[in-house]
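The primary structure of each chain is shown beneath.
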Amino acid sequence: MTMDKIHMVDLFSQYTQISEEIDRAVIDCIRSTKFINGPAVKEFKQNLGTYLGARHVIPCANGTDALQIALMALGLKAGDEVIVPTFTYAATAEVIGLLGLKPVMVDVDLNTFNITSDIVEKAITPKTRAIVPVHLFGQSADMEPIMKLAKAHNLYVVEDNAQAIGADYTFEDGTVKKTGTIGDVGCTSFFPSKNLGCYGDGGAMYANDDKIGAALQMVANHGQKKKYHHSVIGVNSRLDTIQAAILDIKLRHLDEYSGARQQVAAHYDEALSEISALQVPVRQANSTHVFHQYTLKVKNGKRDELKKYLAKKGIPSMIYYPIPLYKQNAFKQFYKSTNGLPVTEQLCASVLSLPIHTEMKKEMQEFIIDGVKSFFNE
Ligand SMILES: Cc1ncc(COP(=O)(O)O)c(C=O)c1O
């Protein structure tokens, strides 16, 4: 069987579905010459705030900046400890180290890949000031117990929502909130392959508290509230008007995009659950899953072989993440214990993400599934 080239993410096909609107918005923006802080930035801010149920949305240049600005705006001081999972993208812990804070890297839950309140509780010391849960691969960490713990210890919570925009978390009393709006600050990346991605770099922070919202805005804009009056050391981090215009269009499709990803995931589940050497993604009971990644665990130690086998058939797959952060040169200074973080070790050696995106054709997915099945049948 011949098959179009398979991509982990098919951004071109997605673009073709909305190209007229996008092209018009980009041309309008160029013709207006309002490249920085143009009207589309304000509109997108408002629309994203409404979508998320967040009072304040502060767009910025990328998801890494969002995390950095969040920690700066909360007034954390050098030496303060910030609890962060070691099974995440480097950006989450990098900004903590960059600001002279101490990343306290903890293990994650073997099933959901996220931190839990039990894991976090053991890492709290008198110096702990904040927790950064990452809603990895598209589903929420179990936020209600994490928020209770944070309240009891007077800690800030900065949610790394780069991979889970649009996911819903349900509290015990039935209240539903979007991920990123539960803690003090939510941080998002609009990197092109993200569930809500722009055509370059972009990011945003969101908050419900007015003081925090104002502090985020101020830090993102050179520490100034009023032009040329700089109250604190800040940064220059903005979302370009063109990117805001693109995101505003794509935001209207976000729920539909999440639905398409969920359908692909359900079909993978159905087809691959029968393979005993594989663990399909486990769902967190009180979160929806927006499947930024569809990540399998390969339990027979043959993950790397499977990856190579699929590649030979033209099926891409990715390992998110191959090396625990606490073992990386940049981060090992922050991990002194000799115990290690065994769940992360196990995950780094066994996870494999399959192609998933909003334009996956049935026959393409069947081809991928057949490829995976044939590896285990050989
Ligand atoms: C979990 C996580 N946090 C932060 C980031 C950083 O986002 P950006 O690449 O927009 O700086 C990413 C992006 O890959 C991410 O996956």
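Bear in mind that the values here come from a model prediction, so they are computed numbers and not experimental data.

S.K.: Where do I start with the environment of E363 in this structure?
M.R.: For E363, the location among the structural elements is in helix α12 (residues 362-377). In this structure, the C-alpha to C-alpha distance between E363 and R303, residues 60 residues apart in sequence, is 24 Å.

S.K.: What should I look at first to understand helix α1 (residues 11-32) in this one?
M.R.: Each α-helix winds once per 3.6 residues, and so residues spaced three or four apart point in a common direction. Along its 22 residues, α1 runs just 27 Å from first to last C-alpha, ending more than 12% under the 32 Å computed at 1.5 Å per residue. Of all the bends in α1, the greatest, near 80°, is centred on I18. Within the span of α1, buried status applies to Q14, I18, I22, A25, V26 and C29. Lining the buried residues of α1 we find α8 (241-251) and α9 (254-272). Its side-chain oxygen at 3.4 Å from the backbone nitrogen of F12, D10 defines the N-terminal cap of α1. T33, located one to two residues past α1, shows a positive phi value of around 60°.

S.K.: Sorry, what's going on with the sheet that holds strand β14 (residues 351-354) here?
M.R.: Whenever strands of a sheet pair, they do so through backbone hydrogen bonds, lying parallel or antiparallel. Reading across the sheet, the three strands line up as β12-β13-β14 and stay open at both edges, with antiparallel pairing between neighbours. The sheet is open, and its two borders are formed by β12 (278-279) and β14, each paired with just one other strand. When β12 meets strand β13 (residues 294-298), the two strands line up antiparallel, connected through two bridges. Following the sheet pairing, L278 is matched in β13 by V298. Set on the sheet, α9 makes contact with β12, β13 and β14; between it and β13 the angle comes to about 20°. Of the strands in this sheet, β13 and β14 are in contact with helix α10 (residues 303-312), which crosses β14 at around 25°.

Calculation rules
- Residues numbered from 1 in each chain as written.
- Predicted model: local features only at pLDDT ≥ 70, side-chain atom pairs only at ≥ 80, totals over all residues.
- Heavy atoms only, no water.
- Helix = DSSP H or I, 4+ residues; strand = E, 2+ residues; numbered from the N terminus.
- Expected span 1.5 Å × (residues − 1).
- Bend = angle between axes of the 7 residues up to and from the residue.
- Buried < 20%, exposed > 50% of the residue type's maximum accessible area, 1.4 Å probe, protein only.
- Contact = heavy atoms within 4.5 Å.
- Polar contact = N/O pair within 3.5 Å; in protein donor to acceptor, adjacent residues only side chain to side chain.
- Pairing = 2+ DSSP bridges.
- Axes fitted to C-alpha atoms, helices over the stretch in contact; angles between N-to-C directions.

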